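Now for the letters of each chain:
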Amino acid sequence: MKMKSLFVGMTALLAGTFSAAALAAYPEKPVTVICPWTAGGGTDVLLRALSKEAEKHLGKTINVVNQTGGAGAIGHNAIRAARPDGYTIGMITFELNSLPPQGLVPFTWKDFDPLMRINSDPAALTVRKDAPYSTVRGFMDHAKANPGEITIGNSAPGSVWHIAAGLAAEKTGVQVKHVPFDGAQPAVTALVGGHIKAVAVSVAEVRGQVQAGNLKILGVMSGERDKIFPDVPTFKEQGVDVEFYTWRGLAVPKGVPAPIKAKISDAYKKAFDSKEFQEFAAKASLNLAYQNAADFTKFLDQNYKDVEAVMKSLGLAKK
Amino acid sequence: MDFNWSLMFASYATVFSPGVLFIICVGITAGIVIGSLPGLTATMGVALLVPLTFGRPPLESLAMLIGIYCGAMYGGSISAILIRTPGTPAAAATILEGYPMARRGEAGRALSMALFASFFGGVCGALIMTFASPIVSGFALEFGPVEYFALAIFGLSVIVSISGRSLVKGMMSAVFGLLISSIGFDPISGFPRFTFGMMEMMEGPPFIPTLIGLFAVSEVFNEVQKTGQLQQLKAKVDRFLPTWEDIKHCFKHLCRSSVIGTFIGSIPGAGGDIAAFVSYGQAKRTSKHPERFGHGQIEGLAASESANNACSGGAMIPLLSLGVPGDAVTAVLLGAFIIQGLQPGPMLYKENIDIVYQIFASMMLAQFAMLFIGMAGIRLFAKVILVDRAILTPTIFVLSMVGAFAMRSNIFDVYTTLAFGILGYVMMRYDYPLSPILLALILGPMAEANLRRAMVISSGDPSILVSRPIAVGLMVLAVVSLLMSIRGQKQVEARLAEMEQAFEKEITD
């Protein structure tokens, strides 16, 4: 451990002396942003839209590279292990806080230098339109009266939506069966086809089917109501005290000199505020939730503790 | 939903404008290039070009993406035929007959049949999509975990057909494939299996690098071994389209495979790779000369290529009418629609019926654009095979490595490719077929995850597996096709042995 901290200190020192001259000139070459999820997915599309705007302010090309695999572990690890010279940035996501409690990765958010939070989407409990219940309470009562009947689909075992559904069931003391799918989309499809009883995924992921009249949202697990569906009450309003979100943000590896970090943050903040990005986010029904580095760090700390506690009580954490 | 003919004609008129036609051609050309390069798949091509469409009008953007989608599906067959490298996973079944044909000096014949079959399949897919979307999409929703499990089992019954000379060796390959497909996260509990603590192994052996290693790299090793004693291949490329006899000969298979392809494409989660293998198996089972399959039989090529291109039209059906993507590419397309402010699904039919018909029209025109651009390119593509093997072989090797790396910029994938290359080489030397491994890798996880999901839903009661008519139908089909193929396989083995004896006798005489 001592050797490791010594090594970290030395690299930081080296990076400091090396970059002194380079600081003013940053960026001198294209910048890479690592996306831990596949090209074309929600995280990827968001990152590409944001980086396209940030390029204008940074003055150099920003290349989005997808380093996928291991349920996000590989991409996060690549961000963490990148050279701390400001030429590698990364998008970190909720999984950074759910992988460590499962014992799947040897690092936590503390090994990163968070820059800003971009969005945070609450889970929503969604059922078929023709279901005999239309409130969260009604759903839970039905589940209690018919043990073993309720199946809730989620996007992957141990995923954010699995934890959200588990938390909601635990708070209301009902027994449900969690059915993990290979992503949120297949779970929603299975619900539309009537193969499962409910899904607990984000509003954006069910929006199309809800608007088409196939599904209905019983409640959202957030502090306030959703902008697109303001008629849907929150869980808390219905007497179930659950809030659960997924989130995405930007981070750099530890040791990037402060002036360079400031330049990156500045470019991305301007991109975030741009009209183009705001329009994009509205179309994609993303719940934008900006936080600066200090607030994001506090958020990460609290979120990590919450997630770990929930996963432990659900039996999803490594014993 | 009534079919609106006047809107159909109006949409064709809109799409038939120089601007849109140009953009479709650009998409097709880009798609063919992307598809023919190993490691760059249709999914990736579409995903990477989606950001380019931000801020462009919907029709132009979607027409270009559809062009890439269709072009890449065909493009994959070019490298499959010429250098035994499936450009996309959907072209893996094309190798089985396409490559032996090219080795025999019939690269031109194979390429032109692949193009024609792709065109034929694409047109059938587009037609079914235009006229039968509402019917087909209702069927697609019936597919739940039990049906997917049954579909996977049906798909696995094709293994007998791609076993080559020996059923036992084919089974050994398939079981090996199923074993390695169990590496990685458990699909229900999320427990990492056989990963040895490596993050790269958590999602199992990466599919594209495995594919490139098994087929392309193993062939590179094979070529290296034969260096110096290898004759330069001759390729007669004197035509753009297959001969009338070839088309007539394959017509039955083209029609049948196109329907199978569209149907499998329309089931969410089952894509071109499965469609191609199932059609290939079907072609072989119904052929009078199953023993010739695997040695460059043109019907096999026609079946797999028409199926994987028909699949594109099929996959668009649930996307447009239900808002549910039919395969990996349409999942990315769904994102592109939303960025354009269009939400695919029943609402799209109500609010933007014009764009729906324009997509039908673009899909159809993309097939014709693909036919013409493909015809213009065939001579150029076929030149590849005339390149001196001493230059071509190392180039394929480098391309394979780059392709494996490009997928997710991970050096681990390059090692995987090399490892499977060596494995593939050894297996070829001892006459073990490689395709069953691939089929097992595609269908194994599908069978496992859906069986487990079904068990979660039924609380462990296995009777759920026989409770649904579609699933029962598929499983009966699986048994029938298994029995038929095993009987066929015995014939194949007997005839091959006969032919060998005759050959040996000839030599001794």
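Residues numbered from 1 in each chain as written. Chains lettered and ligands numbered in written order. Predicted model: local features only at pLDDT ≥ 70, side-chain atom pairs only at ≥ 80, totals over all residues.

### A word on the overall build of chain B
Right, so step 1: Broken down by element type, chain B carries 19 helices and 2 strands.
Right, so step 2: For 509 residues, the compact-globule estimate of 2.2 N^0.38 gives 23 Å, and the C-alpha radius of gyration of chain B, at 22 Å, lies within 12% of that figure.
Right, so step 3: A burial count over chain B gives 60% of its 509 residues as buried.
Right, so step 4: Sequence-distant contacts, at least 24 apart, represent 80% of the contacts inside chain B between residues at least 6 apart. (Helix = DSSP H or I, 4+ residues; strand = E, 2+ residues; numbered from the N terminus. Rg over C-alpha atoms; globule rule 2.2 N^0.38 Å. Buried ≥ 20, exposed ≤ 12 C-beta atoms within 10 Å, placed from the backbone. Contact = placed C-beta atoms within 7 Å.)

### Some points on the overall build of chain A
Right, so step 1: Summing up its helical and strand segments, chain A has 11 helices and 10 strands in all.
Right, so step 2: Taken against the 2.2 N^0.38 rule, which gives 20 Å for 319 residues, the C-alpha radius of gyration of chain A at 21 Å falls within 12% of a compact globule.
Right, so step 3: Taking the principal axes of the C-alpha coordinates as reference, chain A spans close to 70 × 45 × 30 Å.
Right, so step 4: For chain A, restricting intrachain contacts to residue pairs at least 6 apart in sequence, the fraction spanning at least 24 positions comes to 75%.

### Looking at the interface of chain A and chain B
Right, so step 1: Listed per partner, the contact involves 41 residues of chain A and 48 residues of chain B.
Right, so step 2: Secondary-structure elements contributing two or more residues to the side of chain A that touches chain B are helix H2 (42-58), strand S2 (62-66), helix H3 (73-81), strand S6 (177-180), helix H7 (184-192), helix H8 (203-211) and helix H10 (275-283) of chain A.
Right, so step 3: Per-element tally for the side of chain A that touches chain B: the top contributor is H7(A), with 5 residues.
Right, so step 4: Taken together, the residues that form the side of chain A that touches chain B break down as 19 nonpolar, 17 polar and 5 charged. (Nonpolar A, V, L, I, M, F, W, Y, C, P; charged D, E, K, R; others polar.)

### A word on the domain arrangement of chain A
Many analyses report the size of an interface as the accessible area lost when the parts associate.
Residue and element names in this part refer to chain A.
Right, so step 1: The domain architecture assigned to chain A consists of domain 1 (2-120 + 246-314) and domain 2 (122-238).
Right, so step 2: Between domain 1 and domain 2, the C-alpha centre-to-centre distance is 30 Å.
Right, so step 3: Residue contributions to the side of domain 1 that touches domain 2 peak at 5 residues, all from helix H11 (residues 293-314).
Right, so step 4: Here the side of domain 1 that touches domain 2 is composed, by residue class, of 8 nonpolar, 5 polar and no charged. (Domains from an automatic or database assignment.)

### Thoughts on unusual backbone geometry
Right, so step 1: Cis geometry marks the peptide bond from A:Tyr26 to A:Pro27; its omega dihedral reads -5°.
Right, so step 2: Summarising the element assignment, A:Pro27 is placed in the loop between helix H1 (2-25) and strand S1 (31-35).
Right, so step 3: The backbone of A:Ala71 shows a phi angle near 55°, a positive value even though the residue is not glycine.
Right, so step 4: Among the structural elements, A:Ala71 can be located in the loop between S2 and H3.
Right, so step 5: Even without being glycine, B:Phe196 reaches a positive phi, approximately 50°.
Right, so step 6: Residue position: B:Phe196 is located in the loop between strand S2 (192-193) and helix H9 (207-225).
Right, so step 7: Assessed through the 7 C-beta atoms surrounding it within 10 Å, B:Phe196 is described here as exposed.

### A look at helix H12 (residues 298-322) of chain B
Every α-helix winds through 3.6 residues per turn, so residues three or four apart in the chain are directed the same way.
Residues and elements named next belong to chain B.
Right, so step 1: Between the first and last C-alpha of H12 there are 37 Å, a value that for 25 residues agrees with the 36 Å anticipated at 1.5 Å per step.
Right, so step 2: At Cys311, H12 shows its strongest bend, of approximately 25°.
Right, so step 3: At the C-terminal side of H12, Gly323 shows a positive phi close to 75°. (Expected span 1.5 Å × (residues − 1). Bend = angle between axes of the 7 residues up to and from the residue.)

### What about the domain arrangement of chain B?
All names here are of chain B.
Right, so step 1: Taken domain by domain, chain B consists of domain 1 (1-142 + 250-401) and domain 2 (144-205 + 434-509).
Right, so step 2: The centre of domain 1, based on its C-alpha atoms, is set 25 Å off from the matching centre of domain 2.
Right, so step 3: Each partner contributes to the interface: domain 1 provides 17 residues, whereas domain 2 provides 21 residues.
Right, so step 4: Going through the elements one at a time, helix H5 (92-103) and helix H11 (272-286) are the ones with two or more residues in the side of domain 1 that touches domain 2.
Right, so step 5: It is H11 that contributes the most residues to the side of domain 1 that touches domain 2, 8 residues altogether.
Right, so step 6: The residue makeup of the side of domain 1 that touches domain 2, split by class, is 9 nonpolar, 3 polar and 5 charged.

### Some remarks on the environment of B:Cys311
All names here are of chain B.
Right, so step 1: The residue Cys311 is located in helix H12 in this model.
Right, so step 2: Among the residues examined, Cys311 registers 34 C-beta atoms within 10 Å and is labelled buried.
Right, so step 3: Between the C-alpha atoms of Cys311 and Gly121, which are 190 residues apart in sequence, the distance is 8.0 Å.
Right, so step 4: In contact with Cys311, not counting residues within four places along its chain, are Gly125, Gly261, Thr262, Ile264, Gly265, Gly271, Gly272 and Ala275.

### Regarding the packing of H12(B) against helix H13 (residues 328-339) of chain B
Residues and elements named next belong to chain B.
Right, so step 1: Two elements in contact, H12 and H13, have axes separated by 9 Å at closest approach and are oriented at 35°. In this structure, H12 meets H13 at a crossing whose hand is right-handed. Each of Ala315, Met316 and Leu319 in H12 lies in contact with H13, whose residues at this interface are Val329, Thr330, Leu333 and Leu334.
Right, so step 2: Looking at the contact of H12 with H13, its residues break down into 6 nonpolar, 1 polar and no charged. (Axes fitted to C-alpha atoms, helices over the stretch in contact; angles between N-to-C directions. Left-handed = near helix turned anticlockwise from the far one by under 90°.)

### Concerning the nonpolar core
Here is a general trend for soluble globular proteins: nonpolar side chains tend to be buried in one another's company.
Right, so step 1: Ranked by size, the top nonpolar core spans 264 residues in total, and within it A:Ala164, A:Ala168, A:Ala200, B:Val46, B:Leu65, B:Ile81 and B:Leu439 carry the most contacts.
Right, so step 2: Among the elements that make up this core, the one with the highest residue count is helix H15 (residues 353-386) of chain B (18 residues).
Right, so step 3: In contact with B:Ile81, other than residues within four places in its own chain, are B:Thr94, B:Gly98, B:Tyr99, B:Met101, B:Ala102, B:Ala107, B:Ala110, B:Leu111 and B:Ala114. (Core = buried A, V, L, I, M, F, W, Y, C linked by C-beta atoms within 7 Å.)

### Quick word on helix H5 (residues 136-145) of chain A
Right, so step 1: Residues of H5(A) that are buried include every one of A:Val136, A:Phe139, A:Met140 and A:Ala143, and no others. When H5(A) is viewed along its axis, its buried side chains cluster within an angular range of 95° and face the same direction. (Arc of directions from axis to C-beta.)

### Description of the pairing of strand S8 (residues 215-220) of chain A
When a strand is regular, its side chains alternate between the sheet's two faces.
Residue and element names in this part refer to chain A.
Right, so step 1: In terms of burial, S8 is a largely internal element, 5 of the 6 residues being buried.
Right, so step 2: Of the pairings in the sheet, the one linking strand S4 (residues 112-128) to S8 comprises 5 bridges and is antiparallel in character. The residue of S8 that forms the bridge with Arg128 is Leu215. (Pairing = 2+ DSSP bridges.)

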